[in-house]
Amino acid sequence: MPADTAARPAAARVFFALWPAPELAARLAAVARERAGRGRPTRAETVHLTLAFIGDVPESRLPELVEAAGRVRAAPCALQIDRLGHWRHNRLLWAGCSAPPPALAELVAGLLRELRAAGFAVADAERAFVPHLTLVRKLALPPPDLGLPETLFWECRGFVLVRSRLSAAGPDYQRLARFPLSA
């Protein structure tokens, strides 16, 4: 069989994220629905804050990802979700923090360090990290008011490894492993 038609090993599309409690996710999803216009609001069960997007990884290497993430040592952090933003170039409405806590940047730096040491490439790792939760995709125009109705508070006590499966209905996420944050 020619090399270009040989079967590829099964792969998983994965990323690391902070995953909010259901109550917070529901509140953010409600904001998404209110502001979506003709865009596609994020479903409550898919609201998350991406820490590092890995992309396609052979399933056989998933234990290595879990092991690398398990070596990350970072303190819990508190996020104040107090602003909305709009990225025109990729038509996203997002929620984020006016002042992200230093502990969040330390978590991301530690995670990237461990992933690189384990031989994993991280998409966009050279870009400045902008913590955000995507609320609406395919947004034609930003809403006239980019204010949040209230500041939302989030105590982040762990992060997760997530498998993503894309479909016409939107992404479906499966949390594969959880990693606690401790001081």
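The structure we're discussing is the one just above.
What this report covers is the structure whose coordinates are included nearby. Every value quoted in this text rests on a predicted model; they were computed, and no experiment measured them.

So, the sheet that holds strand β3 (residues 49-58)
Read from one edge to the other, the open sheet built from four strands follows the order β3-β1-β9-β10, with strand pairing classed as antiparallel. Strands at the two margins of the open sheet, each flanked by one partner only, are β3 and β10 (172-180). This sheet shows a mean twist of 25° between the axes of neighbouring strands, independent of strand direction. Here strand β9 (residues 158-165) runs beside β10; their pairing, made up of eight bridges, is antiparallel. Each residue of the ladder has a partner; that of arginine 163, found in β10, is glutamine 174. Sitting on the sheet, helix α3 (residues 102-117) is in contact with β1 (11-18), β3 and β9, with an inclination near 15° to β3.

Some details on unusual backbone geometry
Excluding glycine, a negative phi dihedral is what most residues carry, and trans is how most peptide bonds are arranged. One non-glycine residue, arginine 91, lies in positive phi territory at about 55°. Relative to the helices and strands, arginine 91 resides in the loop between β5 (83-87) and β6 (92-96). Note on arginine 91: relative accessible area 40%, which makes it partly exposed. The backbone of lysine 138 shows a phi angle near 55°, a positive value even though the residue is not glycine. Inspection of the secondary structure assignment puts lysine 138 in the loop between β7 (132-137) and β8 (152-156).

Re the environment of glutamate 45
Residue placement: glutamate 45 occurs in the loop between β2 (40-41) and β3. Residue glutamate 45 is classed as exposed on the basis of its relative accessible area of 51%. As a C-alpha pair, glutamate 45 and alanine 25 span 20 residues in sequence and 7.0 Å in three-dimensional space. Only 2.8 Å separates the side chain of glutamate 45 from the side chain of arginine 43, close enough to count as a polar contact.

So, the environment of leucine 135
Relative to the elements of secondary structure, leucine 135 occurs in strand β7. What makes leucine 135 buried here is its relative accessible area of 0%. In this structure the C-alpha to C-alpha distance between leucine 135 and histidine 86, which are 49 residues apart in sequence, comes to 9.9 Å. The residues touching leucine 135, leaving out its near neighbours within four places in the chain, are Leu28, Val31, Ala32, Arg40, Pro41, Thr42, Leu84, Leu93, Trp94 and Ala95.

A closer look at the pairing of β6
Summarising burial for β6: five of the five residues are buried, a large majority. The alternating pattern of β6 places Leu92, Trp94 and Gly96 on one face and Leu93 and Ala95 on the opposite face, and all of these are buried. Bridging between β5 and β6 involves five bridges; their strand directions are antiparallel. Residue pairing across strands places leucine 84 opposite alanine 95, the latter belonging to β6. Linking β5 to β6, which pair antiparallel, is a turn of four residues; within it arginine 91 sits at a positive phi near 55°. Looking at chain direction, β6 and β7 are connected through four bridges and run antiparallel.

Procedures and definitions
- Residues numbered from 1 in each chain as written.
- Predicted model: local features only at pLDDT ≥ 70, side-chain atom pairs only at ≥ 80, totals over all residues.
- Heavy atoms only, no water.
- Pairing = 2+ DSSP bridges.
- Helix = DSSP H or I, 4+ residues; strand = E, 2+ residues; numbered from the N terminus.
- Axes fitted to C-alpha atoms, helices over the stretch in contact; angles between N-to-C directions.
- Contact = heavy atoms within 4.5 Å.
- Buried < 20%, exposed > 50% of the residue type's maximum accessible area, 1.4 Å probe, protein only.
- Polar contact = N/O pair within 3.5 Å; in protein donor to acceptor, adjacent residues only side chain to side chain.

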